[in-house]
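For reference, the chains in residue letters:
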Amino acid sequence: MRERLLNIFHETYRELRPRAPLPEVAVEFFPFANVNNTIRMRDGKLLVRLSDLLEGAPDAVLRSLAHILLSKMYRRPVEREHAARYRRHVSSHAVSRQAHLARQTRGRKRISAAQGQAYDLEAIFDDLNVRFFHGLLGRPTMTWSAEHARNRLGHYDPAHNAIVVSRVFDDPRIPRYAVEYIVYHEMLHLKPPVKLRGSRRCVHSAEFQREEKLFPEIERAKALLKRR
Ligand SMILES: [Zn+2]
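A quick note: this is a predicted structure, and the numbers were derived from the prediction, not measured. (Residues numbered from 1 in each chain as written. Predicted model: local features only at pLDDT ≥ 70, side-chain atom pairs only at ≥ 80, totals over all residues. Heavy atoms only, no water.)

K.L.:
Which residues make up the environment of E219, and what values do they have?
P.N.:
Topologically, E219 is positioned in helix α8 (residues 218-226). Overall, E219 belongs to the exposed group, its relative accessible area being 56%. Residues E219 and V90, 129 residues apart in the sequence, show an inter-C-alpha distance of 28 Å. (Helix = DSSP H or I, 4+ residues; strand = E, 2+ residues; numbered from the N terminus. Buried < 20%, exposed > 50% of the residue type's maximum accessible area, 1.4 Å probe, protein only.)

If you want it as structure tokens, here you go:
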């Protein structure tokens, strides 16, 4: 398995960067609490951690994931076909069911502050992560705010690495896409490089706003949230 994985990463690296010298690559499966995959460069060595929920995935899926991770690493566009193949696999019934079980058994034992009356913020994060970020964002602590704050929809708190969503929206009368939009906005703040300018200020560059528009129901969500 290790050999096969390394081969997949080497071959994908060659396709993306035919002229660059092949760096040393280490790939391992890791028991994340959800379908997470990380890649980083340290001392010239590429370190890849794949969710062990993907152990036994077909080679084609692992190839697509290698393409996604290496493209992100080297700031190349992710090919649509690879993105679609990986997304299909992760959202398939079997994998999402396994992910759900892993969340329950590996997640914190206490009753999570992420699980509200109407919505589970961790499930929303994981779903958006696969739909919009290729499952590449590490999940911070997800929590509904303690008080029913109306002045802020949500915010990312870098000191506690937490996304906090106002409890006002944990309500079955609020459509899911509106809560998703709030979480999606905060997830864009998580994308590297994370700008730590204190927890109160949030900075929205042109790039940020362009990416925010990729959320399909953005206009409906904004209109609805304005009325609250
Ligand atoms: Zn913001």
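Structure shown, so let's carry the discussion forward.
K.L.:
How would you sum up the side chain of H82? Please name residues and give values.
P.N.:
Mapped onto the secondary structure, H82 falls in helix α3 (residues 80-91). In this structure, H82 is in contact with R63, S64, H67 and I68, ignoring residues within four places of it in sequence. (Contact = heavy atoms within 4.5 Å.)

K.L.:
Help me get a handle on the sheet that holds strand β2 (residues 37-42), residues and values and all.
P.N.:
An order of β1-β3-β2 is seen for the three strands of this open sheet, with the pairing classed as mixed. Because the sheet does not close on itself, it has two edges, and the strands there are β1 (24-30) and β2. Neighbour-to-neighbour, the strand axes of this sheet turn through a mean angle of 15°, independent of strand direction. In this structure, β1 lies alongside strand β3 (residues 45-51), joined through seven bridges in parallel fashion. Opposite V25, over in β3, you have L46 as the bridge partner. (Pairing = 2+ DSSP bridges. Axes fitted to C-alpha atoms, helices over the stretch in contact; angles between N-to-C directions.)

K.L.:
I'd like to hear about the pairing of strand β6 (residues 162-165), residue by residue, with values.
P.N.:
Residue alternation in β6 divides its side chains into two sets, A162 and V164 and I163 and V165, and both sets are buried. The sheet contact formed by strand β4 (residues 141-144) and β6 spans four bridges and is parallel. Each residue of the ladder has a partner; that of W144, found in β6, is V165.

K.L.:
Lay out unusual backbone geometry with the relevant residues and their values.
P.N.:
A positive phi angle, close to 50°, is found at R75, a residue other than glycine. With respect to the secondary-structure elements, R75 resides in the loop between α2 (59-73) and α3.

K.L.:
With reference to specific residues and values, describe the pattern of salt bridges.
P.N.:
Throughout the structure, instances matching the rule amount to twelve salt bridges. A salt bridge links R49 to E28, with the nearest nitrogen and oxygen atoms 2.7 Å apart. Here E28 lies in strand β1 and R49 lies in strand β3, a separation of 21 residues in the sequence. Judged by its relative accessible area of 32%, R49 is partly exposed. (Salt bridge = Lys/Arg side-chain N within 4 Å of Asp/Glu carboxyl O.)

K.L.:
I'd like a rundown of the environment of A33, residues and numbers included.
P.N.:
Topologically, A33 is positioned in the loop between β1 and β2. Residues A33 and R106, 73 residues apart in the sequence, show an inter-C-alpha distance of 5.4 Å. Here A33 is in contact with A99, A102, R103, R106 and R139, once residues within four sequence places are set aside.

K.L.:
Before we move on, could you go through the packing of aromatic side chains and cite the residues and values that matter?
P.N.:
Considering all chains together, one arrives at seven aromatic pairs under this definition. Here the aromatic cluster, defined as three or more aromatic residues joined through ring pairs, consists of F132, F133, Y181, Y184 and F215. Here the basic side chain of R17 rests over the ring of Y74, its NZ or CZ set 4.0 Å away from the ring centre. The ring of F30 carries R49 above its face, with NZ or CZ at 3.8 Å from the centroid. (Phe/Tyr/Trp six-rings, centres within 6.5 Å; stacked < 30°, edge-to-face > 60°. Lys NZ or Arg CZ within 6 Å of the ring centre and 35° of its normal.)

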